[in-house]
Each structure stands twice: as structure tokens, then as C-alpha cells.
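Descriptive structure summary
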Amino acid sequence: MQIFHRSTNTLSRATIFGAVFVVAAAFLVLAEVQRSPYITYEGVRKPQPVPFSHQHHVTGLGIDCRYCHTSVEQSSFAGIPPTKTCMNCHSQIWTNAALLEPVRESYRSNKSLQWTRVNQLPDYVYFNHSIHVNKGVGCNTCHGPVDQMPLMYQNASMQMEWCLECHRGAEKFVRPRDQVFNMRYQQPSTTTPVVFAGASFTDQESLGRAIVQNYKVRAVKDITNCDTCHR
Amino acid sequence: MAQRIEEERSGRKQAPVIEPGHTFGSVTDQISSIVLNRPTSTGWFIGFGFFFMLTMMLLYALAYLFLKGTGIWGVNIPVGWGFAIVNFVWWIGIGHAGTLISAILLLLRQSWRNSINRFAEAMTLFAVASAGIFPLIHTGRPWLAYWLFPYPNTMRVWPQFRSPLVWDVFAVSTYFTISLLFWFIGLIPDLATLRDRSENPFAKIIYGILAMGWRGSARHWHRYETSYLLLAGLATPLVLSVHTVVSFDFAVSIVPGWHTTIFPPYFVAGAIYSGFAMVLMLAIPIRKIYNLEDFITERHLENSAKVMLATGLIVAYGYVMEAFLGWYGGSKYDAFLLWNRLHGPYAFFYIMLWVCNIIVPQVLWIRKLRTTPAALFLISGVVLVGMWLERFIIVVVSLQRDFLNSSFGMYYPTRWDWMTYIGTIGMFLAAMFLFVRILPMISIFEMRTLLPEAEVKE
């Protein structure tokens, strides 16, 4: 004795069959949302007290990264420049520009500019700039084309899978130390060979292996150990 | 047939698996009326209410745990695994009887399983559910427990597949899924019976949905038998594998008292041992209260007692071997472990373990006791206590004093440990109360196959 109409058969089949897709789709959406800029802030330009343009200062004027980020080679922290660094030039040029008033105000009142941090790692991650710079990781490998950013934005997801991409195969990314701060550096090819340790390389694979060996980059099992970054 | 052969061999009359005089109609009437016609008794409300209160106590203990962290428990270094693991292993072991009865005895064509398989399977489900709580909450941050599953995460790391704790996740979740499917598929023809017989329109719709349009046609039965047999085949290895994997949690480590190859067989035997004890503890009151002595006969009690006796002897062999190898093995740590079990601070529990699991159940050699419900009920209770003590001894006494004297310590469960443990017992029994009230606790159609009417005539 049936108490439901026979159309319920179709309905129940559709429910069972559909549930597979609904669940699969839900997981897919979750995975995508978790990796989207909504969560990671990748590519998001955050408001700053002064609309500082890296593009103008780096590409236009040719200022080296280390002129402002002074401690990047010796310290875990690259360093945010004091207002004094800005005023080295801006006491001479654009002295009356309205955009720069917060800088001058900061200089007069001796209070730091409150920049909004763009590249932020969680507190449970131990990150050190100096080791990366000294093992041949270029600035733009992680920070992206900063020399073409009118306003600073985060270039990568900063999620652990992104870190591990390099930690599991550093030879695919490293470059000679003297090229670390070169924002226009290109990986070697037959037309643009890269000279390293007296030899000329035309592909990243052999160059990367030579650099990893020469700079004594630690083995994958060492730099992917949990406590390398989570101390 | 099998019964006749057995009777001829042993030369004595066995109790039947179903009392004579029943017909298809009377079996269906008696079992379905428990759910449909029998008024819900005051005793049921009192019993359910009491165990529901214990369930609420469990929720309270868990809420406080999530608020405060595992510091409210008695665990600390050196005993980092306390009640949570003891209770997990105890519960998951209890579940094993249901799977053994439903799958292995089905494949072995043991017709006496037909009257106890349904509630033994329900017991398995509720026991695995109770067991599942503990590994989840002992992680400390249970809201991140999904990390135990391999899924494509943004950390691009997988669980440590070399760890038995990850094997556990797969073993237990597979076990729960298969048990649930097995139980549900076995219920479908009976749910259709309830759908057809119930007069309450609400109940009719609920049973109707659950019966999934069962008409009892030949094609339905054919598909049913095929899928049931397939699931039995899938569940059979689980009886052995699940507790083997649980024993690996210990055996794969190097702690004295854990690092031993005898663990898998002795854990599996212990699981079935405690499982049958739980089956008896539930069957004896249920058959009395619901007047089901016709269906759960002395034969069932005696057979369960025999399984207990056999598995209990395997467990005894395990204990003897552990003690023997402690003395004979030549490892001073193992020798110390034996000494510590016998003379250490928990020696009383070790002695009680032998009394409960090895000495007391030997009375089951006496046939009179195997067929006396009250005696079986008591012995089963003793065995359940004994099996709990076994896990306590394995977990706590091994960790409490291992290699370094400087890191010896004691373990004392706190009131939160006890509340969680007793709470899961409450949850288990509250679920059993609901089960006997709303579902047929004995498989109606499988009981009918045992009747003389069901014999096919040429």
C-alpha cells in the first residue's frame, strides 16, 4: 500500500542523485572562496594616509628598494622608512604639494605616519626577510611588480600552499644575489642568458640548481619541516 | 536442519530459536504492536528521562570543555591519554558484537542471529557514535577536527598517513557508514510493514518515507537480498580491521606495554567479548519487559554466553602472554611494566581486571548459568567493567611510568572526565530507549523465515 504518488519516485531519485552534485559544488565553492581575494586580500589596494606610488619612485626616479627598506638584508623585517627618509627629498621638491601635507605634518609633530600594512603574515608564522634575500629570492618573486604599482597591493595569496610552492622547489625561483633587487630581472633564456659564478646559463633549471648548491640552500626536507616556519 | 545435526551430535535437546506455535501473523503482530499499539509506559518515560538527563550532562561537560580546553581533564604529562582514549576503545569495542552478529553470522547462516541482529546493530551504531565523540574532543581544538581528513586545503599539506591515528579516522568513519547502511537496509521491509499497519497519519508518512516505496515485490526482494549480502561481505572484514587499527594506535608506538604484536588479535577478541556482554545486558531486560521470550530464547542467551566464553579465553591468552613476555622477554622496561602493574599504584585495578575478565566468566562453563538470565546479566556487567579496566590499564599504567624515572607521574580523572564518560552511557541508553519505542527491535521478516510455514515445499 503506497501512501505517496508515484511521482515521488522521480523526486527521490533526483534528490539522491542531486545531493552528490550539491555537496560537491558546496565543497568547490568553499575551496574557491577560501582562495579568493575576499579572504586573502590578494590584489586589494588598501587606503593609505598618503597615496604613495612605488611606480613613480622606483621606475620613474630609479630609487633602490633598500633606500627605504633599509633592514631587509640583515633583519627579519624589511623596515618601514621614517618620515625623515621622505623629507630627504621632499624638503626640497614638492614642498607645497597638498598630497604631502600628512608627511610634513608628521615631520613637524614628530609622530609617525600610520601606514596600512599590506603584506601581513599570521603571528604563528616565523618569517625572515634576510634569509630569503641572501639565498637569492628576488623582491618581486613574492611582492610582484612593485615597480609598476601606483598603489601598493598584495601580490600573492600568502597562504601556506603559496609558501610551499617555493619551499618544495626553490630552484624554480632563485636568482643570483646581485639580481635580487633588480625589478626588471628575467629568468634566463637562450636570448637573455644569466651569468652566475663565472658561467652563463640559458635555462632556469640549471641556474637554479647551481644557485641552490652555491648558496647552500637547505634541502627540501629541512625547509619544509613544520618548525622551520612554525616555531 | 543445523539444529537437528547439532542436537544429534551433542545428544541433548537445545532450546529453539523461536518458540513453537507462532505463525507469520502472530510474529508480525507481536513485534509491530510494541511500536504501534502498546501504550508508552511510565517506566519508559522514567528510563528515557533519566538517560536523557545524563545526555544533557554530557552536553554540559562538552560545552565546558570547549570553553576551557582539555585542562579540565586529568590528563597531563606523562599520562597524555586518559579517559578519552580509554572510553573510545571501550565503546568502539562494544560496537563489534553488532557487526559480528549481523555480517559474519549471516554469512555463516546462523539462523539464531535473526532475532538479535536488529537491536545489536542499533547498539553498534549508538556505541560507535559514543566512541566517535572521544577522539574528536580529545584533539583539544575539535572545531578543527576536519583537518584529520585529506582534503585539498590552502596549506597544501596532507594528514600524516604513516600515523595510525589517521588510519583510525578512516576505520571508524567507514565502520559507522557501513553499520548505518546495513542497519537501514535491513529495516526497509519492516518499515514498510509499519507503514501499512500504523493508523497515525503522521507515523504513516514518516515510516512511508523511510520505507522508500517498498512493495515487497519479487524484484524488491531480489535486490534487497543482493545488497544485504554485499554489505555483509563488506562489513565482515571490518569486524577484524577496525579494532586492529585501534590497537595499532598503541602497537605502533614504542611505549612498554603498547609495543607488542599480540595487540590486534587480542583487541579484536576483547571487542567481541565486551560487545556480546553489552548485547546480553540489553537483551535480557528487553525480552523480559516486552515479553519477547518467544523470540529471544534461552538458545540466544546460551549462544551469546558461549561466544563470550570463547573470546574471553582469547583475551585471557593475551593477558598471560603479556605477563609471560614481561618476564621472559629480557627487556627491563617490559619487566618493570609487569612489576608496576602488579605492585604499582594501580595494582588493584590490574587484579580486578583479571578477576572481572578471566576468573568470573569461567562460571559460564556451567550450562545452568548460561541459561539463567539474571546470572548472565550480572556476569555481562562484570565483563563490561573488566573490559573498561583493561583499556584503563593499557592506556594509563603504560604511560604513567615508562622509561625515565624523572618523568614518572600519576593520573587522576577529574569530575569532567567522569561526567563525559557517564554522559556517553546516558546518550547510548537514551538512544536505545528511543529505538525500541519507534522501530521494530526484532527483524519481523527475518523471524518469519524461521517459521515452519516458511519452508519451501516441492
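Residues numbered from 1 in each chain as written. Chains lettered and ligands numbered in written order. Predicted model: local features only at pLDDT ≥ 70, side-chain atom pairs only at ≥ 80, totals over all residues.

Counting secondary structure elements, chain A contains twelve helices and two strands. Reading the secondary structure of chain A in the N-to-C direction produces α-α-α-α-α-α-α-α-α-β-β-α-α-α. Against the 2.2 N^0.38 benchmark of 17 Å for 231 residues, chain A shows a C-alpha radius of gyration of 25 Å, more extended than a compact globule. Overall, chain A is about 95 × 50 × 40 Å in size when its C-alpha atoms are taken along their principal axes. (Helix = DSSP H or I, 4+ residues; strand = E, 2+ residues; numbered from the N terminus. Rg over C-alpha atoms; globule rule 2.2 N^0.38 Å.)

So, about the overall build of chain B. Across its full length, chain B carries 16 helices and zero strands. Relative to the compact-globule value of 23 Å for 458 residues, chain B shows a C-alpha radius of gyration of 23 Å, a close match. For the C-alpha atoms alone, the extent of chain B along its principal axes is close to 75 × 60 × 45 Å. Within chain B, the proportion of its 458 residues that are buried is 41%. In chain B, once contacts between residues fewer than 6 apart in sequence are set aside, the share between residues at least 24 apart is 81%. (Buried ≥ 20, exposed ≤ 12 C-beta atoms within 10 Å, placed from the backbone. Contact = placed C-beta atoms within 7 Å.)

By domain assignment, chain A separates into domain 1 (10-39) and domain 2 (121-229). Computed over C-alpha atoms only, the centres of domain 1 of chain A and domain 2 of chain A are separated by 37 Å. (Domains from an automatic or database assignment.)

Another aspect to go through is the packing of helix α8 (residues 218-251) of chain B against helix α9 (residues 263-289) of chain B. Residue and element names in this part refer to chain B. The geometry of α8 relative to α9 is characterised by a closest axis approach of 8 Å and an angle of 125° between their N-to-C directions. Here α9 runs oblique to α8, going by the angle between their axes. In the crossing of α8 with α9, the sense of the turn from one axis to the other is right-handed. Contact residues: Leu240, His243, Thr244, Val246, Ser247, Phe250 and Ala251 in α8; Phe263, Pro264, Phe267, Val268 and Ala271 in α9. (Axes fitted to C-alpha atoms, helices over the stretch in contact; angles between N-to-C directions. Parallel < 35°, antiparallel > 145°, perpendicular 65-115°, else oblique. Left-handed = near helix turned anticlockwise from the far one by under 90°.)

The next subject is the environment of serine 109 of chain A. Residues and elements named next belong to chain A. Here serine 109 lies in helix α6 (residues 101-109). Here serine 109 falls in the exposed class, since 9 other C-beta atoms lie within 10 Å of it. For the pair serine 109 and valine 22, spaced 87 residues apart in sequence, the C-alpha separation works out to 59 Å.

Moving on, we come to the interface of chain B and chain A. Contacts between the two partners involve ten residues from chain B and, on the opposite side, twelve residues from chain A. Contributing elements (two or more residues each) for the side of chain B that touches chain A: α6 (164-197) and α7 (201-211) of chain B. In terms of residue count, the dominant contributor to the side of chain B that touches chain A is α7 of chain B (three residues). Among the residues forming the side of chain B that touches chain A, the class breakdown is three nonpolar, three polar and four charged. (Nonpolar A, V, L, I, M, F, W, Y, C, P; charged D, E, K, R; others polar.)

All names here are of chain A. Looking at where aspartate 64 falls in the secondary structure, it is placed in the loop between α3 (54-60) and α4 (65-68). When the 11 C-beta atoms within 10 Å are taken as the criterion, aspartate 64 is described as exposed. Between the C-alpha atoms of aspartate 64 and asparagine 96, which are 32 residues apart in sequence, the distance is 25 Å.

This prediction gives chain B a mean pLDDT of 92; 97% of its residues lie at or above 70. Among the scores for the predicted complex, ipTM is 0.77 and pTM is 0.89. (pLDDT = per-residue confidence, 0-100.)

Omega for the bond connecting isoleucine 77 of chain B with proline 78 of chain B falls within 30 degrees of zero, at 10°, which places this linkage in the cis form. If you trace the backbone, proline 78 of chain B turns up in the loop between α3 (42-68) and α4 (83-107). The phi torsion at alanine 197 of chain A lies on the positive side, around 50°, for a residue other than glycine. You can see alanine 197 of chain A is positioned in the loop between β1 (194-196) and β2 (199-201). With a phi close to 55°, arginine 109 of chain B is a non-glycine residue in the positive phi region. Of note, arginine 109 of chain B is situated in the loop between α4 and α5 (117-138). Arginine 109 of chain B gets classed as exposed once you count the C-beta atoms within 10 Å, which come to 9.

This next bit is on the environment of methionine 419 of chain B. Residues and elements named next belong to chain B. With respect to the helices and strands, methionine 419 occurs in helix α15 (residues 415-438). Assessed through the 20 C-beta atoms surrounding it within 10 Å, methionine 419 is described here as buried. Residues methionine 419 and leucine 54 lie 365 residues apart in sequence; the distance between their C-alpha atoms is 8.4 Å. Beyond its immediate stretch of four places on either side in the chain, methionine 419 contacts Met57 and Ala61.

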